[in-house]
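Chain by chain, the residues run as shown.
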Amino acid sequence: MNNALQHLLEANTAWASAQLERDPEFFKRLENQQSPEYFWIGCSDSRVPANTIVDLPPGEVFVHRNVANQVFHGDLNGQSATQFAVEVLQVKHIIVCGHYGCSGVRMALRGDRLGLADAWVRPIHQLARRHSLTGFPSTGDQAYQDQLCELNVIEQVKHLCESTLIEDAWLRGQDLTVHSWIYSLKDGLIRNLGLNVNAPNQIDQEYSNAVKAVKLRHQSTK
Ligand code: CO
């Protein structure tokens, strides 16, 4: 038997018994149902674990992560998770959380070629072109990346709000807000990017306000 991961299994055993010591009913309570209020769409990056950075225990946040926190209407995985979160779990908040220093965003900005992931992040490259961020000077690379990380979150919130799943939830009168957040690897803090939508008729105006705010904030770096 290969014991390479023995330390992880031991850590798990220790965690489970510590959890029981603090709260003897913990697992019993979560065994048969989950009722999280939050659905998190974030990046797969190991440095941005949803539960940890907002300090939530198991059972409190339903999570979907992929490279560069993308939302595609044709992505069965993301759309299925969204449907489950909205229609079955009836979450009240969907948080799209990007992060500065995102490799997927950097790759897209530079037009790097790595393989399969190229196609996945290609829409971010198009986004960079739309905002004239591709012709960066080598010294200004970082500022352009930060700006694109923010615009990427805002763009994905827009995609999500325009999906039939979310539109239908709002038409049914469901209480549901979609939020745009970005996490900083430097200090562990999350910034609200200001695009917080809870009705279908708000998205266009709120989207353009949020994009303008990003542009304004980064004006000096352009
Ligand atoms: Co990332």
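Residues numbered from 1 in each chain as written. Predicted model: local features only at pLDDT ≥ 70, side-chain atom pairs only at ≥ 80, totals over all residues. Heavy atoms only, no water.

Enquirer: Whenever I open this one, helix α9 (residues 203–218) confuses me. Can you help?
Expert: Note that an α-helix has 3.6 residues per turn; residues three or four places apart therefore point the same way. Under the 1.5 Å per step criterion, the end-to-end length of α9 is 23 Å for 16 residues, consistent within 8% with the ideal 22 Å. On its buried side, α9 packs onto α6 (116–130) and α7 (141–161). (Helix = DSSP H or I, 4+ residues; strand = E, 2+ residues; numbered from the N terminus. Expected span 1.5 Å × (residues − 1). Contact = heavy atoms within 4.5 Å.)

Enquirer: Can you help me understand the environment of Asn198 in this one?
Expert: When you line up the elements, Asn198 lands in the loop between β5 (190–192) and α9. Residue Asn198 is classed as partly exposed on the basis of its relative accessible area, which comes to 41%. Along the sequence, Asn198 and Trp170 sit 28 residues apart, while their C-alpha atoms lie 7.6 Å from each other. (Buried < 20%, exposed > 50% of the residue type's maximum accessible area, 1.4 Å probe, protein only.)

Enquirer: Before we go on, may I ask you to explain the coordination of the cobalt ion in this structure?
Expert: Angles between donor atoms at a metal ideally measure 109.5 degrees for a four-coordinate tetrahedral arrangement and either 90 or 180 degrees for a six-coordinate octahedral one. Here the cobalt ion is held by Cys43 (SG), His99 (NE2) and Cys102 (SG), and the distances to it run 2.1 to 2.3 Å. Spacing between the donor residues of the cobalt ion along their common chain follows C-x55-H-x2-C. Of the residues examined, Cys102 reaches a relative accessible area of 1% and is grouped as buried. (Donors = N, O, S within 2.8 Å, 3.2 Å for Na, K, Ca; no water.)

Enquirer: What am I meant to see in helix α8 (residues 164–171) here?
Expert: Those residues of α8 that sit buried are Leu165, Ile166, Ala169 and Trp170. Taken around the axis of α8, the buried residues stretch over an arc of 130°, which confines them to a single face. What points out from α8, more than 90 degrees from its buried face, is the exposed set Thr164 and Leu171. Of the surrounding secondary structure, the elements contacted by the buried residues of α8 are α4 (76–88), β3 (93–99), α7 and β4 (177–183). (Arc of directions from axis to C-beta.)

Enquirer: How should the packing of aromatic side chains be read in this particular structure?
Expert: We describe a pair of aromatic rings using the distance from one ring centre to the other and the angle between the two ring planes. Taken as a whole, this structure holds 6 aromatic pairs when the rule is applied. Plain terms: the ring middles of Trp15 and Phe27 are 5.7 Å apart, the flat faces sit at 75° to each other, and that makes the pair edge-to-face. In this pair, Trp15 sits in helix α1 (residues 6–22) while Phe27 sits in helix α2 (residues 26–31), placing the two residues 12 residues apart along the sequence. Accessibility expressed as a relative area gives 38% for Trp15, which makes it partly exposed. A relative accessible area of 30% means that Phe27 is categorised as partly exposed. On the basis of an interplanar angle of 80° and a centroid distance of 6.3 Å, the ring pair of Trp40 and Trp181 is categorised as edge-to-face. Linking Trp40 in strand β1 (residues 38–43) with Trp181 in strand β4, this pair joins segments that are 141 residues apart in sequence. Here Trp40 falls in the buried class, since its relative accessible area comes to 1%. Here a set of aromatic residues connected by ring pairs shows up, and it is made of Trp15, Phe26 and Phe27. The ring of Tyr207 carries the charged tip of Lys158 above its face, separated from the ring centre by 4.9 Å. (Phe/Tyr/Trp six-rings, centres within 6.5 Å; stacked < 30°, edge-to-face > 60°. Lys NZ or Arg CZ within 6 Å of the ring centre and 35° of its normal.)

Enquirer: Looking at this structure, I do not really get the environment of His179. What am I missing?
Expert: Structurally, His179 can be placed in strand β4. Not counting the four nearest positions on each side in its chain, His179 is found in contact with His93, Ile94, Ile95, Val96, Val157, Leu195 and Asn196. At a separation of 3.5 Å, a polar atom in the side chain of His179 contacts the side chain of Asn196. (Polar contact = N/O pair within 3.5 Å; in protein donor to acceptor, adjacent residues only side chain to side chain.)

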